[in-house]
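# Descriptive analysis of the structure
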Amino acid sequence: MDDVPCKMSIITALEMVHKAWENVSAQTIANCFRTFGFIKDGQTIGEGILVQCEEVGSTWNRLEVPVSFEEFVQFDDNVATAGTFTDEEIIQSTSANQHNSDMITRKRRRRRRLLSYR
């Protein structure tokens with residue numbers, strides 16, 4: 001394999017991450033939680049399961065990270081995750097997204113044409 005760096009757009013990288021995440025099964029996630037002690041053998045993961053903070057906190061402390069479990073969990077408590085948009089803001093956002101999408105489509109077509117000439 002050549003030592004040529006791979007050039008990739010952010011959208012391509014995000015598409016690859018999305019496809020990889022789609023291939024992670026619920027069983028894989030459950031096995032990871034079980035392996036790292038977040039759930040015990042015989043427990044199942046599902047909606048409404050309460051996690052004992054003391055248990056998770058003691059597991060967290062074994063990770064030797066420079067922040068407490070509580071600080072980690074509460075890190076984004078004050079981050080706005082939703083908002084109200086005006087009609088004008090929605091139109092502007094949609095127009096910008098459509099423009100970006102059109103640009104990406106044109107770039108992909110041009111890349112395919114260039115690759116077909118090789």
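See above for the structure.
Residues numbered from 1 in each chain as written. Predicted model: local features only at pLDDT ≥ 70, side-chain atom pairs only at ≥ 80, totals over all residues. Heavy atoms only, no water.

### Re the overall build of the protein chain
Of the regular secondary structure elements, the protein chain holds five helices and zero strands. Beginning at the N terminus, the succession of helices and strands in the protein chain can be written as α-α-α-α-α. Here the protein chain holds 118 residues, and 6% of them are scored as buried. As displayed, the protein chain offers around 11,100 Å² of accessible surface, 57% of which is attributable to carbon and sulfur atoms. (Helix = DSSP H or I, 4+ residues; strand = E, 2+ residues; numbered from the N terminus. Buried < 20%, exposed > 50% of the residue type's maximum accessible area, 1.4 Å probe, protein only. Areas by Shrake-Rupley, 256 points an atom, 1.4 Å probe, with all protein chains shown as cover.)

### Quick word on a positive patch on the surface
A cluster of like positive charges, contributed by Arg-106, Lys-107, Arg-109, Arg-110, Arg-111, Arg-112 and Arg-113, occupies part of the molecular surface. Among the structural elements, Arg-106 can be located in helix H5 (residues 87-116). (Patch = residues over 30% accessible without salt bridge, like charges linked within 9 Å, V, L, I, M, F, W, Y side chains within 5 Å. Salt bridge = Lys/Arg side-chain N within 4 Å of Asp/Glu carboxyl O. Lys, Arg positive; Asp, Glu negative; His and termini not counted. Charge placed at Lys NZ, Arg CZ, Asp CG, Glu CD.)

### Brief notes about the pattern of salt bridges
As enumerated under the stated definition, the model contains one salt bridge in all. With a closest N to O distance of 2.6 Å, Arg-108 and Glu-15 form a salt bridge. Taken together, the positions of Arg-108 in helix H5 and Glu-15 in helix H1 (residues 10-22) put the pair 93 residues apart, joining distant regions of the chain. Judged by its relative accessible area of 25%, Arg-108 is partly exposed.

### A look at a nonpolar patch on the surface
Together, Leu-63, Val-65, Val-67, Phe-72 and Val-73 make up an exposed nonpolar region whose accessible area comes to about 400 Å². Following the sequence through the fold, Val-65 ends up in the loop between helix H3 (53-62) and helix H4 (69-74).

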